[in-house]
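These are the residues of each chain, in order.
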Amino acid sequence: ARHLLGIDHLAPQEITTLLDLAETYVELNQRTVKHADALAGMTQINLFFENSTRTQSSFELAGKRLGADVMNMSVAHSSVKKGETLIDTALTLNAMHPDLLIVRHPNSGAVNLLAEKVNCAVINAGDGRHEHPTQALLDALTIRRAKGRIQRLTVAICGDIAHSRVARSNLILLGKMENRLRLIGPRTLMPAGVADLGCEVYEDMREGLKGADVVMMLRLQKERMDGGFIPSEREYFHRWGLDAEKLALAKPDAIVMHPGPMNRGVEIDGTIADDINRSVIQDQVEMGVAVRMAAMDLLARNLRTERGRVLAGPG
Ligand code: CP
């Protein structure tokens with residue numbers, strides 16, 4: 001494929017291939033000298049219309065470690081502030097011949113729309129509540145390293161499911177890999193129709209955590225909530241925040257995940273987040289660089305093949 005816009009179009013074997021390649025980049029990233037040349041001579045533009053710490057910095061590092069020329073477009077100082085549209089911005093950047101465009105946007109579907117207008121490879125770095133494919137892939141790599149497999153696990157995803165592109169991409173990926181999926185959270189934060197996706201749905205967190213291998217916590221995404229939502233943060237933590245007492249209901253070797261940014265004391269107790277025997281949150285960040293290197297490497301290979309065909313001409 002030319003782009004990575006979501007998990008939907010990836011076959012299980014393609015996911016495995018990407019994770020296997022990412023493993024080689026995990027090893028490279030642990031060396032003192034971290035350079036490879038998979039993107040040598042290529043231009044990568046990071047275009048983030050929404051704030052980011054992990055995704056933007058890891059895409060930047062990933063591109064640089066693979067030898068690309070990386071430009072971080074400063075949207076806050078761009079002509080977007082003068083009213084230029086997403087598509088005009090994309091067409092303007094496209095005219096400068098980037099090879100990879102990494103895009104985050106607050107509107108669901110915006111990145112797919114943009115991908116139709118440009119000649120380069122596009123990676124969705126998170127669009128509204130739709131998809132965040134590289135997050136699901138880095139989560140899969142983290143799970144596979146911790147559990148030795150990415151199949152036949154009971155995975156509990158807890159919290160603000162309704163507004164979460166992370167939950168959506170993870171549900172698609174983990175479902176393709178034949179895991180048992182549980183969604184836990186207040187009814188007001190559970191999207192309609194999730195039971196049809198083959199998930200078990202729980203409002204009672206204690207019930208939902210029983211026997212889980214993986215406990216994936218989600219941030220309350222207030223920026224996507226229109227006004228009223230739930231009880232106070234204090235009450236939310238009491239019912240749906242992960243603390244030692246609730247975690248004890250999961251399997252004794254269950255791992256704790258959170259995509260970040262975290263609200264300590266709201267969806268997760270700080271001591272659980274920092275417990276290196278249970279929490280793999282920092283591993284998720286580490287895997288993020290490796291997975292993004294693998295994703296860009298594979299798309300660059302496809303791009304070279306596609307352009308090679310065009311240069312060779314028909315027949
Ligand atoms: N997990 C994630 O997407 O984090 P950022 O918003 O910091 O990129």
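Residues numbered from 1 in each chain as written. Predicted model: local features only at pLDDT ≥ 70, side-chain atom pairs only at ≥ 80, totals over all residues. Heavy atoms only, no water.

## Some remarks on the overall build of the protein chain
Here is step 1: Along its length, the protein chain carries 11 helices and nine strands.
Here is step 2: In summary, the protein chain has a C-alpha radius of gyration of 20 Å against a globular reference of 20 Å for 315 residues, a match within 12%.
Here is step 3: When the backbone C-alpha atoms are referred to their principal axes, the protein chain occupies close to 60 × 45 × 40 Å.
Here is step 4: Accessible area of the protein chain: about 13,900 Å², with a carbon and sulfur share of 51%.
Here is step 5: A gap of 1 Å separates the mean positions of the 38 positive and 39 negative side-chain charges of the protein chain. (Helix = DSSP H or I, 4+ residues; strand = E, 2+ residues; numbered from the N terminus. Rg over C-alpha atoms; globule rule 2.2 N^0.38 Å. Areas by Shrake-Rupley, 256 points an atom, 1.4 Å probe, with all protein chains shown as cover. Lys, Arg positive; Asp, Glu negative; His and termini not counted. Charge placed at Lys NZ, Arg CZ, Asp CG, Glu CD.)

## Structural notes on the nonpolar core
Here is step 1: Formed by 64 residues in total, the largest nonpolar core has its most connected members in Tyr25, Leu137, Ile157 and Leu173.
Here is step 2: If one sorts the elements of this core by residue count, helix H11 (residues 281-312) sits on top with 11 residues.
Here is step 3: Discounting residues that sit within four places of it in the chain, leucine 173 has contacts with Ile7, Ile15, Ala136, Leu137 and Ala140.
Here is step 4: Listed in part, the 24 residues of the second largest apolar core include Leu189, Leu209, Ala212 and Ala273. (Core = buried A, V, L, I, M, F, W, Y, C linked by side-chain atoms within 4.5 Å. Buried < 20%, exposed > 50% of the residue type's maximum accessible area, 1.4 Å probe, protein only. Contact = heavy atoms within 4.5 Å.)

## Notes on the UniProt feature "binding site: carbamoyl phosphate" (unreviewed entry) in the protein chain
Here is step 1: Within this numbering scheme, the UniProt entry marks Arg54, Thr55, Arg104, His132, Gln135, Gly260 and Pro261 as carrying the feature "binding site: carbamoyl phosphate" (unreviewed entry).
Here is step 2: Along the chain, arginine 54 turns up in helix H2 (residues 54-65).
Here is step 3: A relative accessible area of 28% means that arginine 54 is categorised as partly exposed.
Here is step 4: Those residues in contact with arginine 54 that sit more than four places away from it in its chain are Pro259, Gly260, Pro261, Val285 and Arg292.
Here is step 5: Relative to the helices and strands, threonine 55 is located in helix H2. (UniProt positions renumbered as here; feature names shortened; annotations may be inferred.)

## What to know about the sheet that holds strand E1 (residues 43-48)
Here is step 1: Strand order in this open sheet of four strands is E2-E1-E3-E4, and the pairing throughout is parallel. Here the strands that pair on one side only, and so sit at the sheet edges, are strand E2 (69-73) and strand E4 (121-127). In this sheet, neighbouring strand axes are inclined to one another by 15° on average, regardless of whether the strands run parallel or antiparallel.
Here is step 2: Of the strand pairs in this sheet, strand E3 (residues 100-105) and E4 are connected by five bridges, and their pairing is parallel. Its bridge partner being in E4, valine 103 is matched across the sheet by asparagine 124.
Here is step 3: Of the strands in this sheet, E1, E2 and E3 are in contact with helix H3 (residues 86-94), which crosses E1 at around 165°. (Pairing = 2+ DSSP bridges. Axes fitted to C-alpha atoms, helices over the stretch in contact; angles between N-to-C directions.)

## Some points on the environment of threonine 188
Here is step 1: Among the secondary structure elements, threonine 188 is positioned in the loop between strand E6 (180-184) and strand E7 (200-202).
Here is step 2: Residue classification places threonine 188 among the exposed residues on the basis of a relative accessible area of 54%.

## Some thoughts on the site of the ligand
Here is step 1: Neighbouring the ligand are the residues Ser52, Thr53, Arg54, Thr55, Arg104, His132, Gln135, Pro259 and Gly260.
Here is step 2: Contact between the ligand and threonine 53: an oxygen atom at 2.8 Å from a main-chain N or O atom of the residue.
Here is step 3: The contact in question runs from an oxygen atom of the ligand to an N or O atom on the side chain of histidine 132, over 2.9 Å.
Here is step 4: Tallied by class, the residues present in the shell around the ligand amount to one nonpolar, six polar and two charged. (Near = heavy atom within 4 Å. Polar contact = N/O pair within 3.5 Å; in protein donor to acceptor, adjacent residues only side chain to side chain. Nonpolar A, V, L, I, M, F, W, Y, C, P; charged D, E, K, R; others polar.)

## A few points about the confidence of the model for the protein chain
Here is step 1: Here the protein chain averages 94 in pLDDT, while 97% of its residues score no lower than 70.
Here is step 2: Reported for the predicted complex are a pTM of 0.96 and an ipTM of 0.97. (pLDDT = per-residue confidence, 0-100.)

## Describing the sheet that holds strand E5 (residues 154-158)
Here is step 1: With parallel pairing, the five strands of this open sheet are ordered in space as E7-E6-E5-E8-E9. In this open sheet, the two strands that pair with only one neighbour each are E7 and strand E9 (255-257). Strand-to-strand, the axes of this sheet are offset by a mean angle of 20°, without reference to chain direction.
Here is step 2: In this structure, E6 lies alongside E7, joined through three bridges in parallel fashion. Bridge assignment links arginine 182 to a residue of E7, and that residue is glutamate 200.

## Some words on the UniProt feature "domain: Aspartate/ornithine carbamoyltransferase carbamoyl-P binding" (unreviewed entry) in the protein chain
Here is step 1: Within this numbering scheme, the UniProt entry marks residues 2-144 as carrying the feature "domain: Aspartate/ornithine carbamoyltransferase carbamoyl-P binding" (unreviewed entry).
Here is step 2: Span residues 2-144 is 40% helix and 17% strand, its end C-alpha atoms 26 Å apart.

## Focus: the pairing of E2
Here is step 1: Bridge analysis of E1 against E2 gives five bridges, and the strand direction is parallel. Across the sheet, the residue bridging to leucine 47 is methionine 73, located in E2.
Here is step 2: A crossover connection joins E1 to the parallel E2 through H2; in handedness this β-α-β unit is right-handed. (Right-handed = clockwise from strand over helix to strand, strands pointing away.)

## Some points on the environment of arginine 206
Here is step 1: Among the secondary structure elements, arginine 206 is positioned in helix H7 (residues 205-209).
Here is step 2: There is a polar contact of 3.1 Å between the side chain of arginine 206 and the side chain of glutamate 245.

## Some details on H3
Here is step 1: Every buried residue of H3 is listed here: Leu86, Ile87, Thr89, Ala90, Leu93 and Asn94. One side of H3 carries all its buried residues, which in axial view fall inside an arc of 160°.
Here is step 2: Next to the buried residues of H3 lie E1, E2, E3 and helix H4 (110-115). (Arc of directions from axis to C-beta.)

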